[in-house]
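These are the residues of each chain, in order.
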Amino acid sequence: MKSHILTLLKSQEDVVSGEILSDALKTSRVSIWKHIRKLQDLGYQIDSSAKGYRLINSPDIPYPWEMIGREDRIHYYPEMSSTMDTACELARKGCPSMTVVIAGRQLNGRGRMDRKWLSDIGGLYFTMVLRPAISPALSAMVNFAASLSLVRTIRDLYDIKAQIRWPNDLLVNGKKLSGMLSEIEASGDIITHINIGIGVNVNNDPSKREPNATSLKFLRGQETSIKQLLTRFLEMFEPFSQNPTDHGVLKQWKKYAVTLGRDVKITTIHEEIEGRAVDVGEHGELILKLADGSTKSVIYGDCFHQ
Ligand code: BTN
């Protein structure tokens, strides 16, 4: 009903009478009025007069009914613990691939390597539930397809020269704009789901607590639409969601990788490795050339550019 009312209001710059709305939606004018009140409570600026209703402004919030064509798979919460937890519950209950859980802010946002992810209001925080038809050994390719899609989205929409730091951070001028976390469940050789959580600093300012972080607001000097960013990212990523090893993802990803060719330090839970990053293998592993001339592959860790 909300989506129908909004479609009608958006189609007219002028006032739409209660009568037209109630005829079109086959419901009473009182019911229309109640729905309008709900929309106003959700942040829609709707003028209401004796003549009818006029939409003045929509909030920049990715409510399901704003994400046309994917309404049934969008779960938006103004505030939650972590989108990873809710996405995991939905995945275990059998939700379809490309289900997306979005939070306005997170109270317990999680980062890689057991870190916290600052999740103040103004950022984009979401987790996609995916069910790709690939072997668990290739699961990292989903993250590569996601970081490739995000870097392209940001370049296309805002003309910002974002780059990717292995494995999947987006950097602009060496500062972190976005991070990615994945959780996988498999049964033998079959992936039941891979959840990809993405945090993008959009209109929030993480730099006070994280000096090495940046945001779109800082880079562009203006507010950025979270709804538009998420919509374009999902459109860009969806073709990869079934089989992220198709479409030459790795080859494309390498074009935006700022890590390759650089001296790096990788820290894992067990060790620190220094070397030159020379390539990324088909499972997403970073291939390092060490000082003694040998090569070593690392599949997981934090990467610091030296
Ligand atoms: C990192 O760079 O350490 C990964 C950060 C991932 C943050 C996102 S925000 C949405 C999703 N929910 C979380 O709790 N974490 C991920």
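Predicted model, so just to flag it, every value in this text is computed and none were measured.

## Examining the state of the cysteines
Counted according to the given criterion, the structure contains zero disulfides. Distance from the sulfur of Cys95, which forms no disulfide, to the nearest cysteine sulfur (Cys88) is 9.9 Å.

## As for the side chain of Lys227
Within the secondary structure, Lys227 sits in helix H7 (residues 226-237). Lys227 gets classed as buried once you look at its relative accessible area, which sits at 16%. In this structure, Lys227 is in contact with Ser58, Pro59, Asp60, Ile61, Pro62 and Glu66, ignoring residues within four places of it in sequence.

## Topic: the pattern of salt bridges
This model, assessed by the stated rule, comprises 19 salt bridges. A salt bridge links Glu238 to Arg70; the nearest nitrogen and oxygen atoms lie 2.9 Å apart. Of this pair, Glu238 sits in the loop between H7 and helix H8 (249-255) while Arg70 sits in the loop between strand S2 (52-57) and strand S3 (74-80), and the two are 168 residues apart along the sequence. Glu238 sits in the partly exposed class, given a relative accessible area of 26%. It is possible to trace a salt-bridge network through shared partners that takes in Lys10, Glu66 and Lys227.

## With respect to the sheet that holds strand S5 (residues 124-130)
The seven strands are arranged S3-S4-S5-S9-S8-S7-S6 in an open sheet whose pairing can be described as mixed. Looking at strand neighbours, the two that pair on one side only are S3 and strand S6 (163-165), the edges of this open sheet. Averaged over all adjacent pairs, the angle separating strand axes in this sheet is 20 degrees, with direction ignored. Across ten bridges, the pairing between strand S8 (residues 175-187) and strand S9 (residues 190-200) is antiparallel. Paired with Ser187 across the bridge in S9 is Ile190. Sheet contacts for helix H5 (residues 140-158): S5, S6, strand S7 (169-172), S8 and S9; angle to S9, the most-contacted strand, approximately 30 degrees.

## Re the domain arrangement of the chain
When the domains of the chain are assigned, the result is domain 1 (2-57), domain 2 (64-254) and domain 3 (263-305). The C-alpha centroid of domain 3 is placed 24 Å from the C-alpha centroid of domain 2. Counting residues at the interface gives 15 residues for domain 2 and 19 residues for domain 3. Buried area between domain 2 and domain 3, both sides added, is near 1300 Å², and the carbon and sulfur share of it is 62%. In this structure, Lys254 and Asp279 form a salt bridge, with 2.9 Å as the shortest nitrogen-oxygen distance.

## Notes on the site of the ligand
The full set close to the ligand counts 20 residues, and Ser82, Gln106, Arg110, Arg112 and Lys176 are the nearest of them. With respect to the ligand, the side chain of Thr83 contributes an N or O atom lying 2.9 Å from a nitrogen atom. A distance of 2.7 Å separates an oxygen atom of the ligand from a polar atom in the side chain of Lys176. The fraction of the free accessible surface of the ligand (410 Å²) that becomes covered by protein chains is 99%. Those elements that place two or more of their residues in the shell around the ligand are helix H4 (83-92), S5, S8 and S9. With four residues, S8 is the single largest residue contributor to the shell around the ligand. Taken together, the residues of the shell around the ligand break down into six nonpolar, nine polar and five charged.

What counts, and at which threshold
Residues numbered from 1 in each chain as written. Predicted model: local features only at pLDDT ≥ 70, side-chain atom pairs only at ≥ 80, totals over all residues. Heavy atoms only, no water. Disulfide = S-S within 2.5 Å. Helix = DSSP H or I, 4+ residues; strand = E, 2+ residues; numbered from the N terminus. Buried < 20%, exposed > 50% of the residue type's maximum accessible area, 1.4 Å probe, protein only. Contact = heavy atoms within 4.5 Å. Salt bridge = Lys/Arg side-chain N within 4 Å of Asp/Glu carboxyl O. Pairing = 2+ DSSP bridges. Axes fitted to C-alpha atoms, helices over the stretch in contact; angles between N-to-C directions. Domains from an automatic or database assignment. Buried area = accessible area lost by both parts, 1.4 Å probe. Near = heavy atom within 4 Å. Polar contact = N/O pair within 3.5 Å; in protein donor to acceptor, adjacent residues only side chain to side chain. Areas by Shrake-Rupley, 256 points an atom, 1.4 Å probe, with all protein chains shown as cover. Nonpolar A, V, L, I, M, F, W, Y, C, P; charged D, E, K, R; others polar.

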